[in-house]
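# Reading the structure
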Amino acid sequence: MKIKNIICTVFLSAISFNAAAQKGVLNKAEKDYNQYAYIDAISIYEKVADKGYKDEKMFQRLGNAYYFNAELAKAAKWYDALFSLNNQQEPEYYYRYAQTLKSIGDYAKADKMLEAFNEKVKTDTRGVLFEKNKNYLEQIKANSGRFIIADAGINSKQSDYGSTLLNNKLIFASARDTGNVTRSTFKWTNKSFTNLYAAQLKADGSLEEPVRFDKKINSKFNESTPVFTKDGKTMYFTRNNFLKGKKGKDEKRVTLLKLYKADLVNDKWTNVVELPFNSDQYSTAHPALSADEKKLYFASDMPGSLGQSDLYSVAINSDGTFGKPENLGAAINTEGRETFPFIAGDNELYFATDGRPGLGGLDIFTAKINDNASFGPVQNIGEPVNTKFDDFAFIIDNNTRKGFFSSNKDGGNGSDDIYKFVETRKLNCEKELSGVIRDSQTNEVLSGAKVILLDDKFQQITAVTSGTDGTYKFQVKCNTTYHIRAAKENYETSETPILIQPTDDKSKLDIKLEKQIKEIGIGTDLAKTLNIPIIYFDLDKSFIRKEAAFELEKVLAVMKQYPAMKIDVRSHTDSRQTEKYNLTLSNKRAKATIDWLVKQGISPARLTGRGYGESQLVNKCSDNVNCTEEEHQLNRRSEFIIVSMQ
């Protein structure tokens, strides 16, 4: 059991869905100035729903409105109505519903919803990643062929892996002969423990014969994966739980891994201490330094990990102390093994994992570390570095694009071997997604909108705020579906999916937001303002359908909110049948609509209306023009024009 495989633990994962949207508060006092007033669309929907009308989209909107504002108990009411109406929803609604059920103490039902969620998206993040990356082999193929690799020239018949550079030397771990009279072996594998070795790097890129690194660092147990500060005076490395002749064990009497620090004093490595976030009860291993050396990255199975081992970062304070380790989160970690982190000089994170779709075993992946500490899309770096075996411990010089990695693939000298490489071209499957946020009615650009990038399972990746010109941008991965959520005070939240195509240098998605507090006045068509579908009547019919009654309830709610409001009902038909027939039919439809509103308590004096037949078609579908049924339906509509507010 080599150090690279020791971190392995069983876990229970918890998925968090972070969402944010802002909801304007409707001033209940009537606003009547300059012939304009305002209505709250969500409030109108709720009034309609409270009267017993059932509509799937309406329940989704109401549930989301409260969920995004963390009013989970209120959201539960509408998600319950949604699932009672139709229990076959998108997977994300199962998760949202479960979260809201917990808020009201119904854990039994919440568990059932989570079971249904997991069944739909698999019960494991690795399954989820596979479901959304079924073309992963094509993606890997697109990323492949970018490296020229060769044996590093310092491998033994034993395990050699986990390299780093120090003063033009390659420092690495090796299980080759320790040189002792009695060989120290690891009882789990009956193989030699690994010590650190150093090999001088020649001008031609070859390596001299390795020698032991330092007897103060090497012990009778495993040492591996060192990393050094740029000045060469501080090193961090992995070792079994052993310091000053004492061996630590966990509650099962297993000696796990810990991270250690050492200082170079008078050309001697000394002051070996363990890092304060170590524990006898879990492993920490494989350190890596950020480009500015203010953070230490490492792998661990400490409590709170999402998987068998996760990647963490911890702040290195100016006085040499450390902050609290932070899990890199679901954007990087899975239920599998994430291990061997490395941070390149251009702030690219490289790591090995078996939790993502790959070629087999551990594959090496990369993700850009953004300025706000979030991560860009995670990408497999492709063949020939990645194989169906374990490939890991990748390091690269971001200037020369040369580096080293380790692998246990066929054709090597030992169980693990170190390979050198040159990257011939950078990974070019990351695109810029940008767009402009605008008002849907005025087309005015909207600054200050919160724009959230989510994956196709609605997990937040990162968020930005639209600029003064309404623009936003994200770095995204090719061949991947994202959802862009835009939210702004007094506007309805929008969620729009987009598939990033690899053929375009940039992807563009402009988003138009509808006002939640909607401006109305004389001349306003309430059908458009309230997003009322334009299909009310069946062909040749004038009776109010059930679906039409649901929509008319919205108009009714507005008229009750403004008792002085007067409406002109205008009914239209398609061009089929004769003009006379259509005029008669549309008059009947207008009358049926007015009669329905009167039965609901609206004074006839507040209502006028008539039919226009086929005289005001909204498209080309006049007599003798070949049109689809959907095109004809666009002309069968009613309008509700405000003619007076007082």
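Predicted model only: the values in this text are computed from it and were never measured.

## Thoughts on unusual backbone geometry
A cis amide bond links Glu-383 with the next residue in sequence, Pro-384, at an omega value of 5°. Summarising the element assignment, Pro-384 is placed in the loop between strand 22 (379-380) and strand 23 (391-396). Phi is positive for Arg-253, close to 65°, though the residue is something other than glycine. For Arg-253, a relative accessible area of 61% corresponds to the exposed category.

## Digging into the nonpolar core
Counting 51 residues, the largest nonpolar core has Met-58, Leu-526, Met-565, Ile-567 and Phe-640 as its most contacted members. Ranked by residue count, the leading element in this core is helix 10 (residues 546-561), at eight residues. Beyond its immediate chain neighbours, meaning those up to four positions away, Leu-526 contacts Ile-520, Ile-532, Val-555, Val-558, Met-565, Ile-567, Phe-640 and Ile-642. Within the second largest apolar cluster, 23 residues are counted, among which are Ile-154, Val-385, Ile-395 and Phe-421.

## Focus on the pairing of strand 10 (residues 234-240)
The element strand 10 is largely enclosed, with a buried count of seven among its seven residues. By the alternation rule, side chains of strand 10 split into Thr-234, Tyr-236, Thr-238 and Asn-240 and Met-235, Phe-237 and Arg-239, which are all buried. Counted between consecutive antiparallel strands, the loop separating strand 9 (residues 223-228) from strand 10 contains five residues, among which Gly-232 sits at a positive phi close to 75°. As defined by bridge partners, strand 10 adjoins strand 13 (residues 257-265) across seven bridges and the pair is classed as antiparallel. Counted as the bridge partner of Phe-237 is Tyr-260 from strand 13.

## As for the sheet that holds strand 28 (residues 460-465)
What the four strands build is an open sheet, ordered 28-27-30-31; its pairing is antiparallel. Each end of this open sheet is capped by a strand with a single partner; those strands are strand 28 and strand 31 (494-499). Strand-to-strand twist in this sheet, taken as the mean axis angle between neighbours without regard to direction, amounts to 20°. Direction of pairing for strand 27 (residues 450-454) relative to strand 28: antiparallel, over a ladder of five bridges. Across the sheet, Leu-453 pairs through a bridge with Thr-462, a residue of strand 28.

## Focus: the side chain of Ser-159
Looking at where Ser-159 falls in the secondary structure, it is placed in the loop between strand 2 (147-151) and strand 3 (160-166). Polar contacts involving the side chain of Ser-159 include one to the side chain of Asp-416, which spans 2.9 Å.

## Some remarks on the state of the cysteines
If you walk through the whole model with that rule in mind, you get one disulfide. The side chain of Cys-621 participates in a disulfide bridge whose partner is Cys-627; the two sulfur atoms lie 2.2 Å from each other. Residues Cys-621 and Cys-627 share a disulfide whose torsion about the S-S bond is about -100°; that sign makes it left-handed. Exposure remark for Cys-621: the relative accessible area of 0% places this residue in the buried category. Look at Cys-627 and you get buried, because its relative accessible area is 13%.

## Quick word on the confidence of the model for the protein chain
Detailed reading of the predicted coordinates is not advisable wherever pLDDT is low. Model confidence for the protein chain is summarised by a mean pLDDT of 84, while 85% of its residues fall at 70 or above. Confidence drops under pLDDT 50 across residues 1-36; counting only partners more than four residues distant or on other chains, this segment forms 111 contacts. Confidence drops under pLDDT 50 across residues 180-191; counting only partners more than four residues distant or on other chains, this segment forms 24 contacts.

## A short note on helix 10
Taking 1.5 Å as the rise per residue, helix 10 with 16 residues should run 22 Å; its terminal C-alpha atoms sit 23 Å apart, in good agreement. Of all the 16 residues making up helix 10, 12 are buried; the element is thus mostly covered by neighbouring parts of the structure. Within helix 10 the residues assigned to the buried category are Ala-548, Ala-549, Phe-550, Glu-551, Leu-552, Glu-553, Lys-554, Val-555, Leu-556, Ala-557, Val-558 and Met-559.

## Some thoughts on a positive patch on the surface
On the surface, Lys-220, Lys-247, Lys-249 and Arg-253 cluster together into a positively charged patch. Topologically, Lys-220 is positioned in the loop between strand 8 (211-212) and strand 9.

## A short note on helix 11 (residues 579-599)
Owing to its 3.6 residues per turn, the α-helix aligns residues three or four sequence positions apart on the same side. Under the 1.5 Å per step criterion, the end-to-end length of helix 11 is 30 Å for 21 residues, consistent within 8% with the ideal 30 Å. Within the span of helix 11, buried status applies to Asn-582, Leu-585, Ser-586, Arg-589, Ala-590, Ala-592, Thr-593, Ile-594, Trp-596 and Leu-597. Its buried side turned inward, helix 11 meets helix 10, strand 35 (566-572), strand 36 (607-611) and strand 37 (637-644). Gly-601 occupies a position one or two residues after helix 11 and carries a positive phi of about 105°.

Criteria and cut-off values
- Residues numbered from 1 in each chain as written.
- Predicted model: local features only at pLDDT ≥ 70, side-chain atom pairs only at ≥ 80, totals over all residues.
- Heavy atoms only, no water.
- Helix = DSSP H or I, 4+ residues; strand = E, 2+ residues; numbered from the N terminus.
- Buried < 20%, exposed > 50% of the residue type's maximum accessible area, 1.4 Å probe, protein only.
- Core = buried A, V, L, I, M, F, W, Y, C linked by side-chain atoms within 4.5 Å.
- Contact = heavy atoms within 4.5 Å.
- Pairing = 2+ DSSP bridges.
- Axes fitted to C-alpha atoms, helices over the stretch in contact; angles between N-to-C directions.
- Polar contact = N/O pair within 3.5 Å; in protein donor to acceptor, adjacent residues only side chain to side chain.
- Disulfide = S-S within 2.5 Å.
- pLDDT = per-residue confidence, 0-100.
- Expected span 1.5 Å × (residues − 1).
- Patch = residues over 30% accessible without salt bridge, like charges linked within 9 Å, V, L, I, M, F, W, Y side chains within 5 Å.
- Areas by Shrake-Rupley, 256 points an atom, 1.4 Å probe, with all protein chains shown as cover.
- Salt bridge = Lys/Arg side-chain N within 4 Å of Asp/Glu carboxyl O.
- Lys, Arg positive; Asp, Glu negative; His and termini not counted.
- Charge placed at Lys NZ, Arg CZ, Asp CG, Glu CD.

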